[in-house]
Structure formats: structure tokens, C-alpha cells
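# Summary of the model geometry
Here is how the chains run, residue by residue.
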Amino acid sequence: MNSSMLFGKLTFDALPFYSPIAAGGAAVIVLGGAGVVGLITWLRAWPYLWREWFTTTDHKKIGMMYVILALVMLLRGFVDALMMRAQQAIAMNAEGYLTPDHFQQVFSSHGTIMIFFMGMPFLFGIMNYIVPLQLGARDVAFPLLNAIGLWLTAAGAALVMASLVIGVFSTGGWTGYPPYTELSYSPTVGVDYWIMALLVSGIGTTLSAINFIVTIYKMRAPGMKLMQMPLFCWTALCSSLLVIFAIPGLTVAGGLLALDRYLGMHFFTNDGGGNVMNYANIFWIFGHPEVYILILPAFGIFSTVIPTFSQKKLFGYNVLVYATMCIAVLSFTVWLHHFFTMGADANVNAFFGIMTMVIAVPTGVKVYDWILTMYRGRLRFDTPMLWSIAFIVTFVIGGMTGVILSIPPLDYVFHNTLFLIAHFHNMLVPGMLFGLFAGYAYWFPKATGFRLDERWGRRAFVFWVVGFYLAFMPLYVLGFMGAARRMAYYDQPEWQIYFVVAAVGAFSVLLGIGCQVIQLVVSIRNRKGTMDLAGDPWGGQTLEWSTSSPPPEYNFAVLPQVSELDAFQVAKEAGRPYVWPTHYEPIEVPRNTALGPIFGGLAFVLGFAVVWHIWWLAAFGIAGVIATIIARSFAAETTRIISSEEIMATELRWHADVRAKQEANS
Amino acid sequence: MTTEMRHHPGINLSHSRPEDERHAEVTVFGFWTFLMNDAILFALLFATYATMVNRTAGGPTGAELFDIGNAFVETLVLLLSSFSFGMGAVALKEGREHPLKLWLGVTLVLGLGFIGLELREFAGLIGQGATAQTSGFLSSFYVLLSIHGLHVLVGCIWIVVMLAQVSTFGLSRQVRSRILRLGLFWHFLDLVWIVIFTTVYLPAVAS
Amino acid sequence: MSGPWEGEHQGHAITQPSSDAKAEARSYLWGLGLAALLTALAFGLAVFKIFSGPALFAAIGVLALAQIAAQFRFFLHIDLSRQKREDLQLILFTGLLILIMVGGSLWIMASLDQRMMG
């Protein structure tokens, strides 16, 4: 491809007029984006957004922005899923409506988005909002780093979205295996977009994880020992540790692949002494812990929701903590089970197969703990609890199919069939997504002051769960019948009915998502009825419920003193849930800063420039990053003080809300 | 200095300033976390190098290419820079600004010298036709050493920034804390270099 | 309330007991000497090949580990004697994971090489 000094490889051919469907997708993105921008401009909301949201260093607002990013990306990733299901439902001895190349882009972006730009931001959003509150802390350890992490993740997501409009996306799947993704077989910019998006968001994720680890180790409320932390904080800690130790694998695998593509090196090429198998090895050193990065915090959410809605103490707290740690360590010892068929000898396969079975044990222990928490509890079936119960049942099925796959000889049969696809969706949809939905419904009133609409929540739940089973159980059967994954079309008539059922399931999920959108609108409209500013709508057990909803910028006017697990529950049982002093100290909070958006913008520019070989722009991006860091290190005033009068006024308003609620209840 | 007095690995803060300890505790722990992340990155590059070392694709091998004398000099230069940074840390602890700047300057010169030696080595190899595109072995060699070299370069820039900050702000708490983190970074790079000369240069000569 | 930028160095001219600084400097000198010695030994063994084969590689490896330990002790001031520090646990855990990742990678890739080329 020709390359110019000014625009690199970028020409008008990059616009997606190669297919009407791709052009339509691009049009939706462009018009949607223009619509949002237009709406904000019309509302004159830019100064407000910039002041209160984009430049904030408040962990709560950053958490909410993460969740919004995740929900937007969920829509995009789900449209990809729907397209695949629709294609495969009709592509029996027919071409369907997608070209093979486009179909490949769709499944690649589906996987990449759902893992890196839906799952991770959703988790980090909830962790951001909740962990400091549960720890009884005023903020995270490094608020600025936190903001930069968010904006780098957003920059990565923006690169994936940009590929829809300018150029193409990778056709190499979310794992991007070479040699197919090498320049000789994938000469377009798709793989480059994929690599740059992952590298940029990987840096952001690493910064966030460092932040959480330090916050959890060093910022706990006075008196709170590690073994008195809520379980969600434990899972956030283990998940963050996994990020620290796993993301380098992604950086190395992606980085070396980029060096092959850009500088003609020979890490994973067929010729020149390259070693394609090493890519799979390094990628899965990252990839397997990544699964637990996604799933552990969701376990933490279930461990919070189930006791609250069973109105009991969590069963086996210590065991759950140790099981979490076990999973975190063992997750680094199983990566080869993703490539049993690569040809390592029987000893290697046997070792990793056994380790895979071993890691099922602590997970199983957790399931029993949750069931025993519910046993003889006074169960309330609000939506967070419904998601949790659906999770337990569904997740166990997925876990059992996982144990089947962990046996190397069986894996040789199922490798790269739809059985595998069914298995990991059966783990990640209930294990991660249901957990995130449970957390979303559970903590929504904490963040906004009002609850989500219960009726629409139940409808969404039913459509989602029914849709899930309809969409993925047929894939197990297809796997048994030998259907390979990632097929744009096929010629086995007996397969089609299963693909059709799966498509029906996907449309049921679409209805579920539709219900969730309606739920949000209805909840905002009817917020008067479910308003609870006092801050404890569910009868929560942990410290985030001991402050107002939404919490003030400083979270706690007085840091709570903790001496036991479930500190807020203990205080409530002792009859003094709130300790209100007569006088407040001023509190130091970080100032707003534009650095988050600046770094995000520079990272996007840098990534885009590298993708299109626009070297002057890439140099500008790097120079900008370095100059910004150095300039920041000379900045003097990075914090401001909230006066005791202001705190007093805020707190008194909250006290009035709490008293009103107490009177209404008594 | 007794063991009980050391509250943080790698920290040499003055004992008479407890507020330093509190302030440093959070940032230093965060920096250690980052360093461990970086250590895993290097570990994977080492693993890659080890799997690629025989994949010369008919090109030259390490035994034919490497100049062990140059590697030895590089090793000594980096070791000396680690030591000179340590002396700077001693001066910092005593609150003596002038010797601190002097030792930081020495470290900077040694760091730049190391980068110069490495670039000269690369130029020599490329002159013999042994480029990163020649074979998988050479790709992994150049990348491993360049990533380390880039870290050293970042360290050098950081030293320059800290010299400027010492001049601007004096030895404020923030500046002291940053110099100490820079120290951790610098010593860490020497540790990585030990593994480099042990896995890259010495086996090539010994075999 | 003291901001992070409070320059408390002014008018705070502390002169440390110089014995302490000397001990500190001595620690760095020890580190330098030990590291130089271990480096020279490793290079010497490799260049002069007093013995060869696996024993030589093992010896070089042990010398490297010794030097890493020495630099941890004298430059980074980390040893095993301090109790209860998250930092130390973090470093040891990293060591374990490096062992798993590098050891596992070498095992896997060696097995593949042997079966596919040998």
C-alpha cells in the first residue's frame, strides 16, 4: 500500500463503502455520535460536563463514567452478536447477508469489545464506586492515576469504534493468532487497530489496578484489618493483582506482533526463525488470568448481594477469602489448556489438565458457600437476588462443561468447536454479566438516590435468562455434532434448526436489553416514588450504606472506626448505626484536572497515527505525553480544602433525611 | 542503620521526619507494584529470548556476534551508576543538596554512557549485517536489550527532571519522595541487567 | 493541613549524625564490591571456561542469583529479616509467578520444539 508523508496509509478508500452493511454501521456510529454531541450542545451542557465529569478525580464519578462507557460498548458488542446469530441462522448452503471478511470482523470486534471494553470497564466502574466506600475511605490512593486509567480505556474503546468508520477491524478473532495476523496474511490496518486498542487500554487498566491495590492495602478505615474487609474488596484486590501480573503478557504478545508487522521482525512469522506457538503461549499467560480478572469481582458482588437479600451473615467468609486467593494463584498455572492441541507432549498436557480440574475446586467451594448463605435465610427476591440465583444455577452447568474440556483427550474433540463457545459464554455471561447486572441494580440507588424500576427489571431478567439458554444450549449440541466456531456459512442441513433456535435466543436477549433501556427511563421518570436519600434502601451490611445516597464528595465526614466484619450491620444491631459529631474538620480533596482527557486524547491520537503510519503525528503524541508528565510534576496546587461549614451543611441535610426515614419506619 | 528503622524496602528517608514515612508509604508501595508489573514484562521477554535463541534461520549466532568485553564494560558502567545513585541517596538523607546533585549528575553521565555503549554495539552488529530482521533470534535480542535501554533512557530523563526540581523547589517532601522512587527504578534496571548478561552474553561465550 | 509541597527543608537544617551516613555509605560500598566481584567471577568463568557444560551454566546462574540477592540487600535494602511488610510479600509473590511463567514457557516450548523438529 502506498504511504504519504502527511497522511500515511490513510486515503478515502478507508471509508466503509465496500459493503452497504458496513456503511450502515458506520452511519449509525457517526449519526449517533453527532446526535449526542448536538444534544449536549443544544442543552449547553459542555461546561457542566467538563467541570463536573470529564475533569473530575472523584472516584465515584469516574466509576459512573466507566459504567456508562461499558453500557454503550455492551450495545455495540451485542449488535455484533445479533449479526452473527442472524447470519448463521440463514447461512445454510447460502451466503447469508454478510461477506466472510465482514463476518470475521464482526466476531473479532464482538470478542474484543465484550472482554476489554464492556467487561473490564463495567467491573472497574463498580469497583471504583464501591471499594473506597466499603473500605470507609475518602478516596482512592491515586485519584489522578484513576482518571487517567478511565480515559486511556475510553481511548482504546474509541479506537475500536473508529475502525468501524475509518478502515476495517481485525479479522483475527479476539485472540489475534499469528501467522494469520502477520502482515503477509492480514495486510490491512484491522490488526493494527486491534493491537493499539489493546495496548492503550492495557496501560489504563494497569494504572487502575495499581491504584486499587494500594487503596485496599493502605487506605482502609481505622481499625479495619484485612480479614474484616467486605468480600467484594477482597475480590477487587485479587482481581487487581491479576491485572498487574497478567497484563504484561498481553503487552508482550501484542507488542511483539506489532514489531513483526511494523519493523519486519521475526517473532511469530513462518519464516526467519519465528515461533508462532510462542504467541499462543504468551497470550494465554495473560488470557487465562484475564478470565478470573473478569469473574472474581462478580463473585464479590454475589457475595454481597446474597447475604443482604437472605438477611443473613455471609456463610464461610474466611473460606471464601482463601478460595479467592487460591483461584488467583492457580489461575497462573492453567494457561496451556487453551492450546492442548498444539502438540506438547502428554506430560505437559496432563499437568495443565490436572491444574485446570484443581482450580474448579475453590470455585465449587464458593458455590456451596452462597447456597448455604441462602439456606434458612429470609429471602427477598429483588432483581439483584434474581440475577444471583440465575447465576448459581447457570454457572454450575458451565463449570461442568469446563471440567469436560479440561481433559486433554476430550479437548482434542471439542477444540475450536461451538461446544467451547457455549462453554465460555456459559461461564462469562452468568459469571460476569449477571454479576454486573446484580451490582448495577444493587448499587444504583447508592449512586443516584433512587431505585431502578422493579417491574421492568424483572422483565429484563426473564428475557435475558430465557434468551441465554436458548442462545447457548444449542451451541453445545452443535459442538457435539462437529460444528466449528467462526463459520460464515455451512452445508449441514441438520445444523440449521439449532442455529435458528440460537438466533431466537439472541433476539430474546435483545428484548431483555430493550427492557433495561426502558427500565432506566422509567426509573428516572418515577424517581420520586423510590427516592431514599438516607442511604440504606436494602438493609445493607457494609459501610457504603452508612453514608448518604449519593455520597458527598468526601464520602465520610468522619472516618468510621471498624473492629468487625460487616461494620455497618454490627453498628445497626448495636442500635447506633450513625455517629454524628457536633463539629467537623475540614477535608482535603484532589482538585479537578484536565490531565485525564488530555492523556486519553493523546493516546487516541498516538494509536490512530500508528495504525495509519502517520509518523509525524505519532511523534507529536509521544512528545505530548512526555511533556505533559513533566509539566504536571512541576504543578504545585493539586488539592483543595472543603471547609467545615460546607461539610456541616451537607451533613445536616443528610441527618434530616435519615430522621425522616426513621420516623416513617417507626 | 538498624533493620527496625527501615520501614520500607529501598527507602532511605531520614528517621527524624515521620511525616516523610507516612507520605512515602502509599506512593512507594504503588511504585513497587508498578515495578513488579515491569518485572513480569521483562520475565516474558526473557522467556521469549530463551525460546528464540537457537532460531537463527541460517544467520549468525550469539557466539559469533557478541563482544564480551563490551558487555563487561556495560555491566561495570551500570553497576557504578547504581552505586553513585546510592551515594546520592545518602546525601539526600543528610539533606545535603550539593553532593546530591553531584551524584545525580555522575549517575546521569554513567547512564548516558551505558546507552552510548549499547548503541555502539548495535551499530557494530548492524554493520556486520546482523539486524533485527535477520532472524527470530536477533529480533528477540534487539527487543530485549532495547526495552531495557529505553528504561535507562527514561531513567536519565527522570534524573534531569529531578535535578531541575531540586534546583526549583529544594529538597521538599515531594522531591525527596520522587528521588527515592527514581532510585528504586534505577536499581531495578541494574537487576534486570544482571539477568541480561547472564542469559544473553555469558551463555553465548560459554557454549 | 500540610500540602505535599510544603518545603520544610528551609529553616530545618538537620545535620544527621555522620556515623549513620557513613554506615549507609559503607553498605553501598559493600554492595558495589560484592556485585563487582560476582560479575567478574561470572564473566571469568564464561570466558576462561575452567569447567564447561551444564556445570558452567549452573555456576553462572547461581552467581547471578547471588548478585541479585546482594543488590537487593545493599542497594534496595531488602532482606528477609523484616517481618510483616506487604512490599516483601509482593516481591516474593512476583518471584513465584516469574518462576511459573518462565519455567512453564520453557517447558512448553521445549516440548514442542522437541516433538516438531527433533
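Quantities reported herein were computed from a predicted structural model and do not represent experimental measurements.

What follows covers helix α5 (residues 143-165) of chain A. Residues and elements named next belong to chain A. Here α5 spans 34 Å end to end across 23 residues, near enough to the 33 Å set by a 1.5 Å rise per residue. In terms of residue burial, α5 counts as a mostly covered element, since 19 of its 23 residues are buried. The first or second residue beyond α5 is G167, which carries a positive phi of 90°.

All right, on to the pattern of salt bridges then. Scanning all chains against the criterion turns up 14 salt bridges over all chains. When the shortest N-O distance is used, the salt bridge between R96(B) and E94(B) registers 3.0 Å. Several salt bridges share partner residues, and in doing so they unite R51(A), E52(A) and K61(A) into one network.

Moving on, we get to the packing of helix α1 (residues 20-42) of chain A against α5(A). Residues and elements named next belong to chain A. The contact between α1 and α5 brings their axes to 8 Å, and the two run at 130°. Taken together, α1 and α5 sit at an angle that is classed as oblique. Contact with α1, carried on its side by G25, A26, I29 and V30, involves M161, L164 and V165 of α5 and no other residues of that element. Considering only residue class, the contact of α1 with α5 consists of six nonpolar, one polar and no charged.

The next subject is the domain arrangement of chain C. Split into domains, chain C comes out as domain 1 (20-79) and domain 2 (83-118). The C-alpha-based centres of domain 1 of chain C and domain 2 of chain C are spaced at 22 Å.

All names here are of chain A. Orientation of helix α3 (residues 59-90) relative to α5, taken along the N-to-C sense of each, is 15°, at an axis distance of 10 Å. On the basis of their axis angle, the class for α3 and α5 is roughly parallel. When you trace α3 past α5, the crossing you get is left-handed. Of the residues in α5, those in contact with H59, I62, M65, Y66, L69, M73 and R76 of α3 are P143, N146, A147, G149, L150, T153, A154, A157, V160, M161 and L164.

Further remarks concern empty space enclosed by the protein. Residue and element names in this part refer to chain A. What the rule picks out here adds up to nine cavities of 30 Å³ or more. Roughly 110 Å³ of internal volume is contained in the largest cavity. Taken together, 13 residues form the lining of the largest cavity, with L231, S303, T304, T542 and D566 sitting closest to its centre. Among the elements of the structure, α7 (231-263) and α8 (276-310) are those that each provide at least two residues to the lining of the largest cavity. Counting residues per element, the lining of the largest cavity draws most heavily on α8, at four residues.

With that settled, the discussion passes to the nonpolar core. Counting residues in each nonpolar core, the largest one holds 305 residues, and the members touching the most others are W32(B), F141(B) and Y201(B). Both domain 1 (20-79) and domain 2 (83-118) of chain C contribute no fewer than three residues apiece to this core. Discounting chain neighbours no more than four positions away, the residues touching F141(B) are Y49(B), F66(B), E121(B), F122(B), L125(B), V200(B) and Y201(B).

Cut-off values and rules
- Going along each chain's sequence as written, the residues are numbered from 1 onward.
- Written order determines the labels here, with chains lettered from A and ligands numbered from 1.
- Per-residue local features are limited, in this predicted model, to residues with pLDDT of at least 70; the limit for side-chain atom pairs, both in listing and counting, is 80 or more; totals at the level of whole chains, interfaces and linings are taken over all residues.
- Side-chain descriptors were evaluated using all non-hydrogen atoms of the structure, hydrogens and water having been removed beforehand.
- Under the DSSP-based scheme used, a helix requires at least four consecutive residues in state H or I and a strand at least two consecutive residues in state E, with every element numbered from the N terminus.
- A helix is expected to span 1.5 Å multiplied by its residue count minus one.
- The buried label goes to any residue with under 20% of its type's maximum accessible area, the exposed label to any with over 50%, and the partly exposed label to all in between, with areas taken from a 1.4 Å probe on protein chains only.
- For salt bridges, the criterion is a side-chain nitrogen of Lys or Arg within 4 Å of an Asp or Glu carboxyl oxygen.
- Note on geometry: axes are C-alpha line fits, over the in-contact stretch for helices, and angles between N-to-C directions span 0 to 180 degrees.
- In these notes the angle categories are as follows: under 35 degrees is roughly parallel, over 145 is roughly antiparallel, 65 to 115 is roughly perpendicular, and the rest is oblique.
- In this analysis, two residues are considered to be in contact whenever any of their non-hydrogen atoms come within 4.5 Å of each other.
- Residue polarity follows a fixed list, in which Ala, Val, Leu, Ile, Met, Phe, Trp, Tyr, Cys and Pro are nonpolar, Asp, Glu, Lys and Arg are charged, and the others, Gly among them, are polar.
- Boundaries of every domain are those given by an automatic assignment or by a domain database.
- Each helix crossing is assigned a hand: it is left-handed if the near helix lies turned anticlockwise from the far helix by less than a right angle, otherwise right-handed if that turn is clockwise.
- Cavities and pockets were defined on a 1 Å grid built over protein atoms only: a cavity is a set of grid points that admits a 1.4 Å probe from which the probe cannot escape, a pocket is an open set flanked by protein on both sides within 12 Å along at least five of seven lines, and lining residues are those with an atom within 4 Å of any such point.
- Grid points are joined across faces, edges and corners, and a volume is the space filled by probe spheres set on the points.
- The set of buried Ala, Val, Leu, Ile, Met, Phe, Trp, Tyr and Cys residues whose side-chain atoms join them within 4.5 Å is what this entry labels a nonpolar core.

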